[in-house]
Structure formats: C-alpha cells, structure tokens
Amino acid sequence: RWPRLYEALGEDTHLTTAMGLAQIRGMQGDDLSAPRYVAATMKHFIGYSGPESGRDRTPARLSEIELREQYLPPFRAAVEAGAASVMANSGEVNGVPAHASKYLLTDVLREELGFEGLIVTDWLDIKKLISLHSIAANEREATKMAIEAGIDMSMVPSDVSFFEHLTALVEDG
C-alpha cells in the first residue's frame, strides 16, 4: 500500500528523514543563491503516501498520533534544515482535501513547524477541488479556498486562470 514509490523515500520514518536531509543538502548546498544549487521541494505534505486504497491521489485516514509520529518527523527535519519549498498532498486527509486544509498548511506547516518557504500545488490540484473533491463550485471559489488554506503557487504552466482568479479576488477585497 505504498504508492508513488518514485516520489517517496519509503515507509520508515528515520530512513526517510535521513535520505530527505541528504537530498536537501545536495540540492540546496550551503548557499541557495549559488548558481549550482536549486531549491528543494518536500513532497507531498502530508499523508500522501498513506491512502486507504494504496492508489495515487486517493484519501488517507490518519489518526493524529499516526500523522505526528510517522508522517510529520521527516517534514519537521526538512523545515529545520531549510527546505525552500513544499508541495501539498493531492489527496484528502481525514476527509479534507490538503489543498483546502488551513489546519495542515497553515496551522501545522507554517505555525507549528515554522515553514517560511513556498507552498506549491501538484498538477491541477486547485481545479480538482471542483472536479474531484466537489467542495468548490467554480475555479474562483477553489482558488480562494486554496489561498486561504496556505497555497502560494499553482503548478499548471499551461493555464494562467489561477493568476486571473487570484488577481480578481484581490481586486474585490
């Protein structure tokens, strides 16, 4: 039941943490502004690799203890190591799409862990708040939900509607 093996470092919390920290050091180095380094992106915050079905982008039901003891430690260590970016979980955690979860993205990631970097979506995930999760009536509402939850950037390079909706939302107050 461990999906997307090419995007996960495994099921063991300690090993995942150690390997993740090595990747961050290798990608970001000591000086992220140096031309040979790039920003590391932690993936996928949080519970993405523990869905009930074992399939990609499907709901996970995780107790608070499981979330904090198995899934949170690698992210905590990565934040402390200075990881520059994080990609949100494409699925739901305990019935709430991660892209619309203020609890996960703001309360836990930003406030509890102290993450100050960029929170990015996975491919089309704001649009999926409408088409898959059925919690938003339209793209403007989905954009507002995602931004209010803590999303900074939408990863859909072939579509600029996120920026259009975000601009309109700001202009409307």
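Structure's up top.
Residues numbered from 1 in each chain as written. Predicted model: local features only at pLDDT ≥ 70, side-chain atom pairs only at ≥ 80, totals over all residues. Heavy atoms only, no water.

Engineer: Talk me through helix 1 (residues 13-28); I want residue IDs and the actual numbers.
Structural biologist: For helix 1, spanning 16 residues, the distance from its first C-alpha to its last is 22 Å, which sits close to the expected 22 Å at 1.5 Å a residue. Buried residues of helix 1: Thr16, Thr17, Gly20, Ile24 and Gln28, and no others. Relative to the axis of helix 1, the buried residues are bounded by an arc of 95 degrees and lie together on one face. Away from its buried face by more than 90 degrees, helix 1 exposes His14, Arg25 and Gly26. Elements that come into contact with the buried residues of helix 1 comprise helix 2 (64-80). You can read the cap of helix 1 off the contacts: a side-chain oxygen lies 3.1 Å from the backbone nitrogen of His14, and it is on Asp12. Once helix 1 ends, the next one or two residues include Gly29, with phi positive near 60 degrees. (Helix = DSSP H or I, 4+ residues; strand = E, 2+ residues; numbered from the N terminus. Expected span 1.5 Å × (residues − 1). Buried < 20%, exposed > 50% of the residue type's maximum accessible area, 1.4 Å probe, protein only. Arc of directions from axis to C-beta. Contact = heavy atoms within 4.5 Å. Polar contact = N/O pair within 3.5 Å; in protein donor to acceptor, adjacent residues only side chain to side chain.)

Engineer: I'd like a rundown of the side chain of Asp122, residues and numbers included.
Structural biologist: Mapped onto the elements, Asp122 comes out in the loop between strand 5 (118-120) and helix 4 (128-131). For Asp122, a relative accessible area of 7% gives the class buried. A distance of 3.0 Å separates a polar atom in the side chain of Asp122 from a polar atom in the side chain of His44.

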